There are 2 protein chains.
Amino acid sequence: MSLGIVTPATLHFEAPLPLQSGAQLRDYTLAYETYGQLNADRSNAVLVCHALNASHHVAGLHACADGQPLPKSEGWWDNMIGPGKPLDTDRFFVIGINNPGSCFGSTGPTHTNPDTGKPYGADFPVVTVEDWVNAQARVLDALGITQLAAVLGGSLGGMQALSWTLQHPTRVRHCVAVATAPNLSAQNIAFNEVARRAIVTDPDFHGGHFYEHGVVPRRGLRVARMIGHITYLSDDVMEAKFGRELVGRELGDAPSYSTQDIEFQVESYLRYQGDKFSDYFDANTYLLITRALDYFDPARTHGGNLSAAMAQALAKFLVISFTTDWRFSPARSREIVKALVDNRHDVSYAEIDAPHGHDAFLLDDPRYHGVVRAYFERIAREVKA
Amino acid sequence: MSLGIVTPATLHFEAPLPLQSGAQLRDYTLAYETYGQLNADRSNAVLVCHALNASHHVAGLHACADGQPLPKSEGWWDNMIGPGKPLDTDRFFVIGINNPGSCFGSTGPTHTNPDTGKPYGADFPVVTVEDWVNAQARVLDALGITQLAAVLGGSLGGMQALSWTLQHPTRVRHCVAVATAPNLSAQNIAFNEVARRAIVTDPDFHGGHFYEHGVVPRRGLRVARMIGHITYLSDDVMEAKFGRELVGRELGDAPSYSTQDIEFQVESYLRYQGDKFSDYFDANTYLLITRALDYFDPARTHGGNLSAAMAQALAKFLVISFTTDWRFSPARSREIVKALVDNRHDVSYAEIDAPHGHDAFLLDDPRYHGVVRAYFERIAREVKA
């Protein structure tokens, strides 16, 4: 069953948000959505944290002006969250929050900088996973939620889920961290950096102040998104989906011998994804979010010792990885599990044999969803109806 | 021992070279170098084929105007080729040829199109691995070499080595194919395509006719090279070389919180590589060479059956792969070996446990060089002194 039409809300905050960099964000708005009902003792709240290009719109559909469902408006994790779904909105009160710096409703680079009266652009302060967690905590405060039944996230969202257990240990009972890592590898940072260079060196970027010029650094955004898509898919699933198939030709046919036209199906797919992304995503947000990924490293302030970093957590954990995910490989999840085991924390770990690479965390795989469902049933038993 | 100073030569060809696309290349020059002495019965010649950004300058040093060795002018495979080296120039006559379409001396996009009197630019005809092999064969004809003792190449050079055994089966006795593949995977093509898009969408590319505008699409070349470098290195070696180290800071220090400045060592490395590459490499050549990679697929005309394709080979083979090469993984080399075994061809296969990824084929690894040395000693026994 689907949630049907859901409606986003916003909260405005006058008190400045101190940021890890030393800067602060003042006079900001956060967009959020909630699904299901908060129970009487406010113990069934689950926060869902989003990754790079997602938002507070986690599940359900948005409405057109006439009240009808907007086509293709399904939330990004609608297969996971809803009535009777693995994270069951008949039992849990689910919250999605758009992170500051993003471009889907919360205050970000496209919004007005109160210090200048002009759009922030590249002057939007650098935000980290820790800053996002603190911003999310303020939304929970406003909703009267002292403690979360669980925090759930995949990829960059999983980093936020982990960080919740360290920044606010008493406010989270369970952490479900999917397809994530305790920090980025050099290779992960390298891919982010190439994507950022493509954007920053696009002449239409104008040092991040392209809004004033009425242009968008589309070329850079396209290249950034194409790189991203390669890293989201496994080598095998790319091969199965596209192989060496030529556009408009039979297998075995000679190609058209062109260096600039599309020849292979995989090129057509990537160009389409790049074009689509450049239509809606903000270039400054791309820089901010990839940097938040780069910077996340809870072990840094513990001499690189992740076990020492995870000592302060009080939550119970479910960690999930996917065999073919080469962006955040199972080995990275096992680092998290080891650090939790070192601390005698309660941790369950599932390594799902799935062909889809990093993308698997967004797909409807019965074994994966089965694990999440079972874990949330366990949590539901601890929660009063 | 090093070869010392070596001198490039050129050959001019008046007869047009028919190309796989149906076009032809006319009035062209090929640059080449040779090392060692051709023996009396001309049976000790070894052709070395180059990959993307390499050239005919395989070994030895180039001279300055004053006759002294030019600093940093070592050939790209100097650790492999020279007196007493694995491919021993005291025994073999080694030939390196710059492929047409490249930018190091042979006719390419920066040269004058005889049809227009202007630089070819993007109008340089699309060249394939098969075209390069035919061009190389003409150089051998001119040098009076009927049959090669061996053809040797790594990566894209390995594809040329394989293709030699299919296009000119009687002209090659041994094929040494290192870190290569029987065709590109969808993921390989995808990385090439992103690099090409970065170049083609750089406003300074001018549809490939940037020479007339006095500019170079440096931004695109930089991004292309950065992507390339990520795929040349293994995840592990990147981690070992750079990890999460910050530029100008101690480990554990906070970063400077910037989205555009260099923070991590790996960023500094990639930007440096990108800058250096954009100083010397031709953008149209980049498009041509990555397309030659994309198109190579000897099985295509055999219904995708590589064993059927390899049936026509008469050479003996040495195939070498590296465990951490994720660009052309050992699995791809094993496909080649299987196709050769299916045909009862004489094939030796070495899978070298090396940490360096695809780059390993250019490095001086004792086990790797030991295998190549042993194989060339075997070939030397078949050759009259």
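Since the model is a prediction, treat every value here as computed from it, not as a measurement.

Next up on the list: the UniProt feature "binding site: substrate" (unreviewed entry) in chain A. Residue and element names in this part refer to chain A. In this structure's numbering, the residues bearing the UniProt feature "binding site: substrate" (unreviewed entry) are R225 and D359. These annotated residues cover 135 residues of sequence, and their C-alpha atoms lie no more than 14.0 Å from one another, placing them together at a single site. Within the secondary structure, R225 sits in helix α4 (residues 218-232). What R225 contacts, discounting residues up to four positions off in sequence, is N53, Y232, Q273, G274, F277 and Y280. Checked against the element boundaries, D359 lands in the loop between β12 (347-352) and α10 (366-382).

Inspection of every chain in the model, using the stated rule, returns 40 aromatic pairs over all chains. Here the aromatic rings of W326 of chain A and W326 of chain B are separated by 5.3 Å at their centres, their planes lie at 45°, and the arrangement is tilted. Remark: W326 of chain B occurs in the loop between β11 (316-322) and α9 (330-342) and W326 of chain A occurs in the loop between β11 (316-322) and α9 (330-342); the pair is interchain, linking two chains. Residue W326 of chain A is classed as partly exposed on the basis of its relative accessible area of 21%. Members of the aromatic cluster, connected to one another through ring pairs, are F104, F277, Y280, F281 and Y286 of chain A. Seen from the ring of F328 of chain A, R327 of chain A lies directly overhead, with NZ or CZ sitting 5.8 Å from the centre.

A few words on helix α1 (residues 129-142) of chain A. All names here are of chain A. When the terminal C-alpha atoms of α1 are compared, their 20 Å separation across 14 residues agrees well with the 20 Å that a helix rising 1.5 Å per residue should span. Burial analysis of α1 places 10 of its 14 residues in the buried class, which makes it a mostly covered element. Where α1 is concerned, the buried positions are V129, E130, D131, W132, V133, A135, Q136, A137, V139 and L140. Just downstream of α1 lies G144, where phi reads positive at about 75°.

What follows concerns the sheet that holds strand β10 (residues 174-178) of chain B. Remark on secondary structure: sheet strands pair via backbone hydrogen bonds, oriented parallel or antiparallel. Residue and element names in this part refer to chain B. With mixed pairing, the eight strands of this open sheet are ordered in space as β1-β4-β8-β5-β9-β10-β11-β12. Unpaired on one side and paired on the other, β1 (9-13) and β12 (347-352) mark the two borders of the sheet. Averaged over all pairs of adjacent strands, the angle between strand axes in this sheet comes to 20°, irrespective of strand direction. Across four bridges, the pairing between strand β5 (residues 45-49) and strand β8 (residues 93-97) is parallel. What sits directly across from L47, in β8, is I95. Running at roughly 150° to strand β9 (residues 150-154), helix α2 (residues 156-167) makes contact with β5, β9, β10 and β11 of the sheet.

A word on the interface of chain B and chain A. Across the boundary between the two partners, chain B contributes 59 residues, which contact 59 residues of chain A. Buried surface at the junction of chain B and chain A, both sides included, amounts to about 5,100 Å², of which 63% is carbon and sulfur. Considering only the surface of chain B that becomes buried against chain A, R244, Y257 and T259 of chain B emerge as the three largest contributors, covering 15% of it. Counting the contacts that link chain B with chain A gives eight salt bridges. Between R271 of chain A and E193 of chain B there is a salt bridge, with its nearest N and O atoms 2.7 Å apart. At the surface where chain B touches chain A, the tally comes to 28 residue pairs in polar contact (both at pLDDT 80 or more). Of all the secondary-structure elements, those providing two or more residues to the side of chain B that touches chain A are α3 (186-200), α4 (218-232), α5 (235-241), α6 (265-280) and α7 (283-295) of chain B.

What counts and how
- As a convention, each chain's residues are numbered from 1 in the sequence order in which they are written.
- Whichever chain is written first becomes A and whichever ligand is written first becomes 1, with later ones labelled in order.
- Confidence filtering applies because this is a predicted model: local features only for residues at pLDDT of at least 70, side-chain atom pairs given and counted only at 80 or more, and all residues used for totals across whole chains, interfaces and linings.
- To obtain the side-chain values, all non-hydrogen atoms of the structure were included, while hydrogens and water were left out.
- UniProt positions are given in the numbering used here, feature names are shortened, and annotations may be inferred rather than shown by experiment.
- Numbered from the N terminus, helices here are DSSP runs of H or I no shorter than four residues, and strands are runs of E no shorter than two.
- Whether two residues are in contact is decided by their heavy atoms, any of which lying within 4.5 Å being enough.
- Any Phe, Tyr or Trp ring, taking Trp's six-membered ring, that has another such ring centre within 6.5 Å forms a pair; planes under 30 degrees apart are called stacked, those over 60 apart edge-to-face, and the others tilted.
- Buried residues are those whose accessible area, probed at 1.4 Å on protein chains only, stays under 20% of the maximum for their type, while exposed residues exceed 50% and partly exposed ones sit between those limits.
- Comment: the charge-over-ring label is applied if NZ (Lys) or CZ (Arg) is within 6 Å of the ring centre and within 35 degrees of the ring normal.
- A helix is expected to reach a length of 1.5 Å times the quantity of its residues less one.
- When DSSP locates at least two bridges between a pair of strands, those strands are taken to pair.
- Whenever a helix is involved, its axis is fitted only over the stretch in contact; in every case the axis is a line through C-alpha atoms, and angles between N-to-C directions fall within 0 to 180 degrees.
- By convention, the term buried area covers the 1.4 Å-probe accessible surface removed from two parts as they join, with the contributions of both added.
- Think of a salt bridge as a Lys or Arg side-chain nitrogen and an Asp or Glu carboxyl oxygen that are within 4 Å of each other.
- Each polar contact in these results corresponds to two N or O atoms within 3.5 Å; when the atoms are within protein, one needs to be able to donate a hydrogen and the other to accept it, and residues that are neighboring in sequence are counted only if both atoms are side-chain atoms.

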